[in-house]
Amino acid sequence: MNVQLLTVTEDEGEQRLDKWLRRRFPYLTQGAVEKLCRTGQLRVDKGRVKASDRVTPGQTVRVPPLPPEGPPPEPRPQGISAADAKMIQQAVLFRDEHLIVLNKPAGLPSQGGSGQGDRHVDGLAEALKFGYKDKPKLVHRLDKDTSGVLMLARTDRVARALSEALRHRAARKIYWAVVAGVPYPRQGSIKFGLEKAPGRGRGGEGEKMLCVHPAKMADHPDAKRAHTDYFTLWFLGTRLSWMALEPVTGRTHQLRAHMAEIGHPILGDGKYGGGASENLGDGWGSGAGGDLSKKLHLHARSLTIEHPITKKPMTFTAPLPDHMSRTWKLLDWKEDDVPADPFEVIR
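The following refers to the structure shown. Note that the structure is a prediction, hence the values are computed from the model and not measured.

The subject of this paragraph is the overall build of the protein. Helix and strand counts for the protein stand at nine helices and 18 strands. Looking at the protein as a whole, 46% of its 347 residues qualify as buried. Contacts in the protein between residues at least 24 apart in sequence constitute 64% of all its contacts with a sequence separation of at least 6. Counting only carbon and sulfur atoms, one obtains 48% of the accessible surface of the protein, whose full area is about 18200 Å².

Running from N to C, helix α1 (residues 17-24) and helix α2 (residues 30-38) cross one another at 120°; their axes reach a closest spacing of 10 Å. Every pair of crossing elements has a handedness; the one defined by α1 and α2 is right-handed. Contact residues: L17, D18, L21 and R22 in α1; Q30, V33 and C37 in α2. Classifying every residue of the contact of α1 with α2 gives four nonpolar, one polar and two charged.

Counting residues in hydrophobic clusters, the biggest one holds 31 residues, and the most contacted among them are L102, L245 and L298. When residues of this core are traced back to their parent elements, those giving at least two are α3 (82-90), β8 (99-104), α4 (121-124), β10 (147-153), β11 (172-180), β16 (240-247), α6 (254-261) and β17 (298-306). If one sorts the elements of this core by residue count, β11 sits on top with three residues. Setting aside its immediate chain neighbours within four residues, L245 contacts K173, I174, Y175, A177, D229, Y230, L255, M259, L298 and F343.

Here the focus is the pattern of salt bridges. Inspection of every chain in the model, using the stated rule, returns 15 salt bridges. Measuring nitrogen to oxygen at the nearest pair gives 3.6 Å for the salt bridge that ties D122 to K135. Within this pair, whereas D122 is found in helix α4, its partner K135 is found in the loop between α4 and β9 (137-138), the two being separated by 13 residues in sequence. Between D269 and R256 there is a salt bridge, with its nearest N and O atoms 2.9 Å apart. Taken together, the residues span a long stretch of sequence, with D269 in the loop between α6 and α7 (270-273) and R256 in helix α6 at a distance of 13 residues. By relative accessible area, D269 is classed as buried at 2%. You can call R256 buried: its relative accessible area is 10%. Among the charged side chains, a salt-bridge network with shared partners connects R16, D18 and E97.

Mapped onto the fold, L245 is located in strand β16. Under the relative-accessibility criterion, L245 is labelled buried at 0%. Taking C-alpha positions, L245 is 9.5 Å from L298, a pair spaced 53 residues apart along the chain.

Within α3 the residues assigned to the buried category are D84, A85 and I88. End-on, the buried residues of α3 take up no more than an arc of 100°, which puts them together on one face. Those residues of α3 that are exposed and angled more than 90 degrees off the buried face are A82, A83, K86 and Q90. Contact partners of the buried residues in α3: β7 (92-95), β8 and α4.

Conventions used here
Residues numbered from 1 in each chain as written. Predicted model: local features only at pLDDT ≥ 70, side-chain atom pairs only at ≥ 80, totals over all residues. Heavy atoms only, no water. Helix = DSSP H or I, 4+ residues; strand = E, 2+ residues; numbered from the N terminus. Buried < 20%, exposed > 50% of the residue type's maximum accessible area, 1.4 Å probe, protein only. Contact = heavy atoms within 4.5 Å. Areas by Shrake-Rupley, 256 points an atom, 1.4 Å probe, with all protein chains shown as cover. Axes fitted to C-alpha atoms, helices over the stretch in contact; angles between N-to-C directions. Left-handed = near helix turned anticlockwise from the far one by under 90°. Nonpolar A, V, L, I, M, F, W, Y, C, P; charged D, E, K, R; others polar. Core = buried A, V, L, I, M, F, W, Y, C linked by side-chain atoms within 4.5 Å. Salt bridge = Lys/Arg side-chain N within 4 Å of Asp/Glu carboxyl O. Arc of directions from axis to C-beta.

Written out as structure tokens, the structure is:
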């Protein structure tokens, strides 16, 4: 590859040089960019620059010859297979020098724990350093079988800021789910408290959350208040509904327990939905049968939060996992036919 003279476009706007360059050449590591700047090979309007300098529309960036495939990849972290490293890197929806946002695959735990094994996002984060010394840190979690938007912080400062935002509900999460039956009313709130019931395993595996009526919270000192808003986006007769769910609080298994409590368990949720024989949702129960996948149909669709450093509002949206995409196709549901944020529409 020869020397390239590239112009920063209006669409790209003002941004850091290293960020701009790595968007143009995704295979470049942060270390490689800094070396190009340090040796004077990378220049802006013929002048020497640092990786942290900002470029603006109209400026010309001189990019030296780069190998066709880019520099050699970083060594694969010990204990992580090449397939897993590729999988977790391909799950990245967004990254900058402060945070990484993933579309977590269904079936992959967020962290290790009882019965979870040693293959989880926190462990695979070693493959998400992208030139940094330390691996990024989880700031929240998703259930193993729930897919979708998951944030990691690249520095301790950002981890504290994101954790604070989540703790004070300065972030909005919208989940998509398929549930048995059609809720009535079609939109509303669920405010049952949640109390942990121990699991049957030796180490407490298989624990469930029990719902407690708001009027009986005083009788259950271990129960925590929980609040879920729901909105029915589409439905198939009286059998199935496509739901948008917004957890106002963030309790363990909150969405799954709340939907089951009002008689509309999430499709594929054997823990809270029971079997089809329970006649939930006109006999469909948590397993709809037919050609629909038996996997859990719960997906963290979007997350809106203020960037911890730039303070700009950002919304991250995760595509549906394969098993839910197949359900949408089978039922002829179109993602573009519903509002991205139905709760904003009704507020």
